[in-house]
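Coordinates in review
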Amino acid sequence: MTNAVTLTGEQRARVKEIVCEILEIDVADVSGTSLFKEDHDADSMSAIEILTALELAFGIGIDQAELLRMVNLDGVVAVVEEGLSR
């Protein structure tokens, strides 16, 4: 059994920074629930870039199937937390 990991404020800020850098948007324009595609014009390539950047930044593996959950910042944080819990 694995222990659940909760990102620290600093880690969550790093996730947000990565997402905003790739989507080329200001951090103030992204909330936990704003949708990347609908609200920020993200495309599938951006999603793959985010996934790859998160893998590198946090030293985890993320299955591409998780892209379906990575539609907003809260979803991305959940995927990273699960990756760190393994």
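Described in the following lines is the structure provided in the data block. Numbering of residues starts from 1 in each chain and follows the order in which that chain's sequence is written. Selection of residues for local features in this predicted model requires a pLDDT of at least 70, selection of side-chain atom pairs for listing and counting requires 80 or more, and totals for whole chains, interfaces and linings are taken over all residues. Only hydrogens and water are set aside when side-chain values are computed; all heavy atoms of the structure are taken into account.

The next thing to look at is the packing of helix H1 (residues 9–23) against helix H3 (residues 44–58). Where H1 contacts H3, the axes come no closer than 10 Å and their chain directions differ by 145°. Relative to H3, the crossing made by H1 is right-handed. Residues Gln 11, Arg 14, Val 15, Ile 18, Val 19, Ile 22 and Leu 23 of H1 touch H3, and the partners they reach there are Ser 46, Glu 49, Ile 50, Ala 53, Leu 54, Ala 57 and Phe 58. For the contact of H1 with H3, the class distribution of residues is ten nonpolar, two polar and two charged. As a rule, the C-alpha atoms of each element are fitted with a line to give its axis, helices using only the stretch in contact, and angles between N-to-C directions run from 0 to 180 degrees. Helix numbering and strand numbering both begin at the N terminus, where a helix is a DSSP run of H or I of at least 4 residues and a strand a DSSP run of E of at least 2. Should the near helix be turned anticlockwise from the far one by less than a right angle, the crossing is left-handed, and should it be turned clockwise, the crossing is right-handed. When checking whether two residues touch, look at their non-hydrogen atoms; a contact exists if any pair is within 4.5 Å. In this classification, Asp, Glu, Lys and Arg are treated as charged, Ala, Val, Leu, Ile, Met, Phe, Trp, Tyr, Cys and Pro as nonpolar, and every other residue, Gly included, as polar.

So, about the nonpolar core. Ranked by internal contacts, the top residues of the largest apolar core, which has 22 residues, are Val 15, Val 19, Leu 54, Met 70, Val 76 and Val 80. For this core, the secondary-structure elements that each account for two or more residues are H1, H3 and helix H4 (73–85). Beyond its immediate stretch of four places on either side in the chain, Val 19 contacts Phe 36, Ile 50, Leu 73 and Val 76. Only buried Ala, Val, Leu, Ile, Met, Phe, Trp, Tyr and Cys residues count toward a nonpolar core, and they belong to the same one when joined by side-chain atoms within 4.5 Å. Any residue under 20% of the maximum accessible area for its type is buried, any over 50% is exposed, and the rest in between are partly exposed; the area is computed with a 1.4 Å probe on protein chains only.

Across its 15 residues, H3 extends 21 Å between first and last C-alpha, which sits within 8% of the 21 Å expected from 1.5 Å per residue. Looking at the buried positions of H3, the neighbouring elements they touch are H1 and H4. Each polar contact in these results corresponds to two N or O atoms within 3.5 Å; when the atoms are within protein, one needs to be able to donate a hydrogen and the other to accept it, and residues that are neighboring in sequence are counted only if both atoms are side-chain atoms. With a side-chain oxygen positioned 3.2 Å from the backbone nitrogen of Met 45, the residue opening H3 is Asp 43. In a helix, the anticipated span is given by 1.5 Å times the number of residues less one.

What follows deals with unusual backbone geometry. Residue Glu 24 is not a glycine yet carries a positive backbone phi of 55°. Despite not being glycine, Asp 41 has its phi angle at roughly 55°, a positive value. Position of Asp 41 relative to the elements: it lies in the loop between helix H2 (36–40) and H3. The exposed category is assigned to Asp 41, whose relative accessible area is 69%.

Packing of H1 against H4 brings their axes to within 10 Å, and their N-to-C directions diverge by 125°. Comparing their axes, H4 and H1 come out oblique. In the crossing of H1 with H4, the sense of the turn from one axis to the other is right-handed. Along its contact with H1, which presents Gln 11, Arg 12, Val 15, Lys 16 and Val 19, the element H4 presents Leu 73, Asp 74, Val 76, Val 77, Val 80 and Leu 84. Classifying every residue of the contact of H1 with H4 gives seven nonpolar, one polar and three charged. Each angle gets one of four labels, with under 35 degrees taken as roughly parallel, over 145 as roughly antiparallel, 65 to 115 as roughly perpendicular, and the rest as oblique.

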